[in-house]
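Fold and contact review
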Amino acid sequence: VPSSGPAAGGTEVTVEGSNFGPSAGSVSVSLGETACTSLTLVSHTSAVCTSAVGVGSGHDVSVTVGSQAGSLSSGWQYDAPVVASITPDHSGTEGAAVQIAGSNFGPAATPAAVAVGETSCSDASVVSDSSVTCTVGAGIDAGHAVSVTVEQQAGSLAAAFSYEAPTVSGVVPSSGPAAGGTEVTVEGSNFGP
C-alpha cells in the first residue's frame, strides 16, 4: 500500500504478507526487477520500502528472505506519463524540434514514443523524468494532441500543438487574360508537406 507511485521513485510502500523473518538484514523487497532503495522490517508480516526510479505497470512485488522468495503478481505499477506542455507549441508545416515537459517519463534514455496528432515524432529521447525531446514531422492544421508513451503507458495533452496557417507573399504573373489558361506561381509559406 499504495500499489502505484511516480516514475521518479521515492514512494514509501508497505508490503504485507507472512514469514518475512526476524531481521531486516536477511530481507529484500523488489518492485518488478528493481530493489527498493531502502527497507524497514516492521514485523514478520510487514515491511516498508521506498520505490526506486522506474516505469511501466504490472510489476510483481517480491520479498526474499534468505534464499526463499514469495511474490504478489502485478502488485505494483508506476504512474503513467503526464504531458504538461510542449515548446514551441507551433511550427511551420515542415515541423520542428520540440521539448515536452511533464512527469513520469522515467530515467534518461528510457525508450519513449511521442506523437503529435496522428504523426509520430522522430528522434524521441527521454532527457529526464520531466523532459522529452523529439522532432515533430511535417503536417497541417491546428489543435493537435501531444502524447508520450513509455512502457505501454501513455499520457496526452489535448490541443497542444498547431501548424502555422499558410501565408501568401506573391503571385507571378499577377495578371492574365480573361479567357484563363495562364499558369500562375503562388509563393508563400506553410503550404503543407
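The structure contained in this document is the topic of the report that follows. (Residues numbered from 1 in each chain as written. Predicted model: local features only at pLDDT ≥ 70, side-chain atom pairs only at ≥ 80, totals over all residues. Heavy atoms only, no water.)

1. A closer look at a nonpolar patch on the surface
What counts here: A patch is a set of surface residues, each over 30% in relative accessible area and not in a salt bridge, joined within 9 Å for like charges and within 5 Å for the nonpolar side chains Val, Leu, Ile, Met, Phe, Trp and Tyr. Note on areas: Shrake-Rupley, 1.4 Å probe, and residue coverage restricted to the protein chains presented here. One speaks of a salt bridge when a side-chain nitrogen belonging to Lys or Arg is within 4 Å of a carboxyl oxygen belonging to Asp or Glu. A run of H or I in DSSP counts as a helix once it spans at least four residues, and a run of E counts as a strand once it spans at least two, with each numbered from the N terminus. When a residue's accessible area, from a 1.4 Å probe over protein chains only, is under 20% of the maximum for its type it is buried; when over 50% it is exposed; and in between it is partly exposed.
On the surface, a cluster of nonpolar side chains totalling about 430 Å² of accessible area is made up of Val168, Val171, Val184, Val186 and Phe191. Structurally, Phe191 is set in the segment after β19 (185-189). What makes Phe191 partly exposed here is its relative accessible area of 47%.

2. Some remarks on the packing of aromatic side chains
Heads up, the condition is: The pairing test for Phe, Tyr and Trp rings, Trp by its six-membered ring, is centres within 6.5 Å, and the orientation test on the planes gives stacked under 30 degrees, edge-to-face over 60, and tilted for anything in between.
Applying the stated criterion to the full structure yields two aromatic pairs. Taking the centre distance of 5.6 Å and the plane angle of 90° together, the rings of Trp76 and Tyr78 count as edge-to-face. The class of Tyr78 is buried, set by a relative accessible area of 3%. Ring centres of Phe161 and Tyr163 lie 5.3 Å apart, and the angle between their planes is 85°; this geometry places the pair in the edge-to-face category.

3. Re unusual backbone geometry
In this chain, Val1 is followed by Pro2 through a cis amide linkage whose omega measures -5°. As for its position among the elements, Pro2 is in the segment before β1 (4-5). Here the bond from Thr87 into Pro88 is cis, since omega is -10°, no more than 30 degrees from zero. Unlike most non-glycine residues, Asn104 shows phi in positive territory, near 65°. Within the secondary structure, Asn104 sits in the loop between β11 (96-103) and β12 (113-116). For Asn104, a relative accessible area of 8% gives the class buried.

4. Observations regarding the sheet that holds strand β5 (residues 38-43)
Selection criterion: For two strands to pair, DSSP has to find at least two bridges joining them. Convention adopted: a line fitted to C-alpha atoms gives each axis, helices being fitted over their contacting stretch, and angles between N-to-C directions are expressed from 0 to 180 degrees.
Across the sheet, which stays open at both edges, the three strands sit in the order β2-β6-β5 with antiparallel pairing between neighbours. Among the strands making up the open sheet, the edge pair consists of β2 (12-16) and β5. Neighbouring strand axes in the sheet, compared pairwise and without regard to direction, differ in orientation by 20° on average. Both β5 and strand β6 (residues 46-50) contribute to a ladder of five bridges, which runs antiparallel. Counterpart to Ser43 in the pairing with β6 is Ser46.

5. A short note on the pairing of β6
With five of its five residues buried, β6 lies for the most part within the structure. Burial along β6 is two-sided: Ser46, Val48 and Thr50 and Ala47 and Cys49, pointing in opposite directions, are all buried. Here five bridges tie β2 to β6, and the two strands are oriented antiparallel to one another. Across the sheet, residue Glu16 finds its bridge partner in β6, namely Ser46.

6. Some details on the nonpolar core
A general tendency of soluble globular proteins is for nonpolar side chains to be buried together. Definition in use: Among the buried residues, those of types Ala, Val, Leu, Ile, Met, Phe, Trp, Tyr and Cys that are joined through side-chain atoms within 4.5 Å form a nonpolar core. A contact between two residues is defined here by any heavy atoms of the two lying within 4.5 Å.
Counting 20 residues, the largest nonpolar core has Ile100, Val146, Val148 and Phe161 as the members making the most contacts within it. If you list the elements that add at least two residues to this core, you get β9 (82-87), β11, β12, β15 (131-136), β16 (144-150) and β17 (153-163). Residues within four places of Val148 in sequence aside, it is in contact with Pro81, Val83, Ile100, Phe105, Ala113, Val114, Val132, Gln153, Ala154 and Gly155. Within the second largest apolar cluster, 15 residues are counted, among which are Phe20, Leu31, Cys36 and Leu41.

Coordinates in, geometry out; function isn't part of it.
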